[in-house]
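Chain residues, written in single-letter form:
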There are 2 protein chains.
Amino acid sequence: MKQSQLFTKTRKEAPADEVSKNAQLLIRAGYVHKEMAGVYSYLPLGLKVIDNLKNIVREEMNNIGGQEISLTALQNKETWERTGRWNDAVVDNWFKTEFKSGGETGLGITHEEPLTAIMAEYIQSYRDLPKYAYQFQTKFRNELRAKSGIMRGKEFLMKDLYSFSRTDTEHAEFYEKASEAYMKVFARAGLGGITMKTFASGGIFSEFSDEFQTISDAGEDTVFVDTEKGISINQEVMESGIGEKLGIDTSKLIEKKSIEVGNIFNLGTKFSDKLDLNYKDEKGEQIPVIMGSYGIGITRLMGTIVEVLSDEKGIVWPESVAPFRAHLLCLSPEEQTVKSLADDIYKELDGAVLYDDREGVRAGEKFADADLIGIPYQIIVGKKSHQDAVEVKNRQTGKTVVKSMTEIIEWLS
Amino acid sequence: MKQSQLFTKTRKEAPADEVSKNAQLLIRAGYVHKEMAGVYSYLPLGLKVIDNLKNIVREEMNNIGGQEISLTALQNKETWERTGRWNDAVVDNWFKTEFKSGGETGLGITHEEPLTAIMAEYIQSYRDLPKYAYQFQTKFRNELRAKSGIMRGKEFLMKDLYSFSRTDTEHAEFYEKASEAYMKVFARAGLGGITMKTFASGGIFSEFSDEFQTISDAGEDTVFVDTEKGISINQEVMESGIGEKLGIDTSKLIEKKSIEVGNIFNLGTKFSDKLDLNYKDEKGEQIPVIMGSYGIGITRLMGTIVEVLSDEKGIVWPESVAPFRAHLLCLSPEEQTVKSLADDIYKELDGAVLYDDREGVRAGEKFADADLIGIPYQIIVGKKSHQDAVEVKNRQTGKTVVKSMTEIIEWLS
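Remember, predicted model here, so these are calculated numbers, not experimental data.

Asks: Please set out the overall build of chain A residue by residue, giving values where relevant.
Replies: For chain A, the count of helices and strands is 11 helices and 21 strands. With respect to the three principal axes, the spread of C-alpha positions in chain A is 80 × 60 × 45 Å. Each of the 413 residues in chain A was classed as buried or not, and the buried ones make up 60%. For chain A, the computed accessible surface area is about 17000 Å², with 46% contributed by carbon and sulfur atoms.

The structure is reproduced here in structure tokens:
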């Protein structure tokens, strides 16, 4: 894509009311636009990052048997009344509104209720289980205070998977598989090594749940890390005797701030009981289905990557997530030989790079913009470049190598 | 995908309150789930159809220079107040709700306002124009009466593109390009020949606008068709003298019911004026940007395809849109040789078909289900099949040919 065609531009300053690093950088680089506190639009480069993250998550969810669906934002009040979660005293962050045709509705904060109701129409027998369904869906949460940029919004994109199993054993097996798939997602998204499975409070059905926490000073959570085992314990359960259960000397753990990028909950039969999701077993008995929920905030993941991988010059995307693998910079498009070489490279790569072809922009400005935008490799075409010698700079390390045009094309094709 | 793994099942009856053919068939075949009147969830097969339609539209929008973005559902009241469209007396189908942090918001009915406001931050000079941005976004419209199944919902998916041009000439050129791209979209989606560019009322800025109407008895619109020229005139402008302008003898036109699957509006400077979207021309003068909007209802398009292409047995998908190109039916999986042959075909095709591997289901039921689901080709593996002779039935024509396994694999790979 030609940068002269891209409708966004970089800017020197983020909006004054934007305090988080992730939103500041993403706005300055033209990835997102702030509509209101906690509500962000995704512009061309930003949507590419989101799509890359979705594809990583989609592949891993498909690998463990997930079937992709798309539930609605508008929620059926009656279904939520059956689980007691329509009540504002139970769930305090609903956006509620009214149908002109009569009756109330609310915007989906999460989707256990509607999916359980759908499954009750399709699951009758033990032969129909286990099943796993997931979606990428906008969630709406009426937070009193939006903070942390795109990491905690009032409207945000989430991948939520729900599992439906016959027995605790079957549930536990899938839970473990999903947990492994989550670690693969975070590794592929560039957060490997600093993201760990974390023991946290489990809610009603189990003592503990699994969180996935990425170590970062921008985090809102506090975890205690066992660096050897690569796991951690959320502060909220440190006093519960979890250390002994896991065989860990909690006095040796290291306290860190962290960002919750994913979680897994054992829901037991809480929703199945209330929404009549049962199956008939081999003996003909009606048994409630055992459920689990598995979330990854896609927009939060994007924000986390920016928080932990950026430097003083701007964003540093991992290759797997970057809007483009390479940023082709033509430093002096006014000179015909320079422009021809850059044009040739762009053409040979079939437009699959971001091509800074802008005229009337100084080289220094192009470098600064490219560093802010954070595409992993910069292909620099200037007056000294020729077919056999073009500089390629690694955005993260700052190191430069010289490659021929042929090598560059082979590498990126 | 194995049908035994798919969590949906076909059903004999649609919900009693569902009167439209498209929703009845889509619900019975397991593509969609009705949450409430005018609010539908998309299940695994349904989401695949939506994704196929999105990909067709995306390719054609990219081809004419569109840049994909994703705007928000929650709308900034202040922006809409500037154009006067926050007022319920002006726009009567808002879903409005309140932030717990204070202030009102509404759910996006359309996105002219937020995108114009974003563009005002990026467009300063004539060098920044023209630009085209589009999105696939859920729209929310608080309709008093939901009807026509997924063709007119309270929550539905739409592709909306907006153009930003310097001059009327530049606008008209893009308008024509977009109109051609739309015809390509409808042809690729299986609605070629029965979808025509239709002259309709134009709103404030031009006498006429372009609608794209698909001839169907299920339609809510009435158009007068010139079969020779392949265009039509919406009833609403028949008395306007349009016939003379177009050189058409309106007395010879044929009256038809039709479904509006797309539209293009010339917005002129209506939004630019109110939201300060100007550019500086070569002489340094501030000029308002000329805008257009270009919509295709993705879920409506899906419903239209079902309305016009289904038969008494069920849905008939065009290949470009179908959830799978072929439906592999193993008629007697209990018999080892039959099952082996079907398994082999499935394996060689890398799972890229819907494979009815269900045990304990009669052949007649499998045929009926396959016809209802409407995948274009049925590969039928029964007792008489062998490696050199497998029946392949065309869902639309009902005609059967016999192919070898090798031929089938080559054809579908």
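Now that the structure has been shown, the text picks up again.
Asks: Residues and numbers for the packing of aromatic side chains, please.
Replies: Tallying each qualifying case throughout the model produces 28 aromatic pairs over all chains. Ring centres of Tyr132 of chain B and Phe174 of chain B lie 3.8 Å apart, and the angle between their planes is 10°; on these two criteria the pair is classed as stacked. Taken as a pair, Tyr132 of chain B in strand β7 (residues 131-140) and Phe174 of chain B in helix α5 (residues 168-191) lie far apart in primary sequence, 42 residues in all. This pair shows no difference in class: Tyr132 of chain B is buried, exactly as Phe174 of chain B is. Considering the side-chain rings of Tyr346 of chain B and Tyr355 of chain B, the 4.9 Å spacing of their centres and the 35° angle between planes classify their relative orientation as tilted. Grouped by ring-pair contacts, the aromatic residues Tyr132, Phe174, Tyr175 and Tyr294 of chain A constitute a single cluster. Over the ring of Phe99 of chain B we find Lys154 of chain A, and its NZ or CZ is 4.5 Å from the ring centre. The aromatic ring of Trp86 of chain B is capped on one face by Lys96 of chain B, whose charged end is 4.1 Å from the ring centroid.

Asks: Please give an account of the sheet that holds strand β5 (residues 96-98) of chain A that cites residues and values.
Replies: Residue and element names in this part refer to chain A. An order of β4-β6-β5 is seen for the three strands of this open sheet, with the pairing classed as antiparallel. Unpaired on one side and paired on the other, β4 (74-76) and β5 mark the two borders of the sheet. For this sheet, the mean inter-axis angle between neighbouring strands, taken without regard to orientation, is 45°. The pairing of β5 with strand β6 (residues 104-107) spans three bridges and is antiparallel.

Asks: Tell me about the interface of chain B and chain A, residues and numbers included.
Replies: Taken together, the contact pairs 57 residues of chain B with 57 residues of chain A. Summed over both sides, the interface between chain B and chain A buries roughly 5100 Å², with carbon and sulfur atoms accounting for 58% of that surface. On the chain B side of the interface with chain A, the three residues burying the most area are Phe7, Lys100 and Tyr122 of chain B, jointly 16% of the side's total. Seen at the junction of chain B and chain A, the total is four salt bridges. Among the ionic pairs, Arg11 of chain B bridges to Glu121 of chain A, the shortest N-O distance being 2.3 Å.

Asks: So, the relation of the copies chain B and chain A: which residues are in play, and what are the values?
Replies: Superposing chain B onto chain A takes a rotation of 180° plus a shift of 0.0 Å along the axis, which leaves an RMSD of 0.0 Å. Interpreted geometrically, this transformation is the action of a two-fold axis. The rotation axis passes nearest to the C-alpha of Thr97 of chain B in chain B, at a distance of 2.7 Å. When the interface residues of chain B are mapped onto chain A, 100% of them again lie at the interface, so the same face is used by both copies.

Asks: I'd like a description of the side chain of Asp160 of chain B, backed by residues and values.
Replies: All names here are of chain B. With respect to the helices and strands, Asp160 occurs in strand β8 (residues 155-165). Taking the relative accessible area as the measure of exposure, Asp160 reaches 3% and is therefore buried. Polar side-chain contacts of Asp160 include one of 2.5 Å to the side chain of Lys139. A polar contact of 2.6 Å, which involves the side chain of Asp160, links it to the side chain of Tyr162. In contact with Asp160, other than residues within four places in its own chain, are His111, Ala133, Tyr134, Gln135, Lys139 and Tyr294.

Asks: Go over the nonpolar core with me, naming the residues and quoting the values.
Replies: Ranked by internal contacts, the top residues of the largest apolar core, which has 56 residues, are Leu26, Tyr31, Leu53, Phe186, Leu301, Met302 and Trp317 of chain B. It is α5 of chain B that provides the largest number of residues to this core, a total of nine residues. When sequence neighbours within four positions are dropped, the list of residues in contact with Leu53 of chain B reads Ala189, Ile298, Leu301, Met302, Ile305 and Val321 of chain B. Core analysis: the second largest hydrophobic core is formed by 55 residues, Tyr40, Leu45, Val261 and Ile373 of chain A among them.

Asks: Just give me the short version of the packing of helix α5 (residues 168-191) of chain A against helix α8 (residues 298-309) of chain A, but keep the residues and values in it.
Replies: The packing of two helices is summarised by the inter-axis angle and the distance between the axes. Residues and elements named next belong to chain A. Two elements in contact, α5 and α8, have axes whose closest approach is 11 Å; the angle formed by their N-to-C orientations is 50°. When the axis of α5 is compared with that of α8, the two are oblique. Within the contact between the two elements, α5 uses Val185, Phe186, Ala189, Gly190 and Leu191 and α8 uses Leu301, Thr304, Ile305, Val308 and Leu309. Within the contact of α5 with α8, the residues separate by chemical class into eight nonpolar, two polar and no charged.

Scoring rules and cut-offs
- Residues numbered from 1 in each chain as written.
- Chains lettered and ligands numbered in written order.
- Predicted model: local features only at pLDDT ≥ 70, side-chain atom pairs only at ≥ 80, totals over all residues.
- Heavy atoms only, no water.
- Helix = DSSP H or I, 4+ residues; strand = E, 2+ residues; numbered from the N terminus.
- Buried < 20%, exposed > 50% of the residue type's maximum accessible area, 1.4 Å probe, protein only.
- Areas by Shrake-Rupley, 256 points an atom, 1.4 Å probe, with all protein chains shown as cover.
- Phe/Tyr/Trp six-rings, centres within 6.5 Å; stacked < 30°, edge-to-face > 60°.
- Lys NZ or Arg CZ within 6 Å of the ring centre and 35° of its normal.
- Pairing = 2+ DSSP bridges.
- Axes fitted to C-alpha atoms, helices over the stretch in contact; angles between N-to-C directions.
- Contact = heavy atoms within 4.5 Å.
- Buried area = accessible area lost by both parts, 1.4 Å probe.
- Salt bridge = Lys/Arg side-chain N within 4 Å of Asp/Glu carboxyl O.
- Least-squares fit on C-alpha atoms with pLDDT ≥ 70 in both.
- Polar contact = N/O pair within 3.5 Å; in protein donor to acceptor, adjacent residues only side chain to side chain.
- Core = buried A, V, L, I, M, F, W, Y, C linked by side-chain atoms within 4.5 Å.
- Parallel < 35°, antiparallel > 145°, perpendicular 65-115°, else oblique.
- Nonpolar A, V, L, I, M, F, W, Y, C, P; charged D, E, K, R; others polar.

Don't take any of this as a statement about function, it's just geometry.
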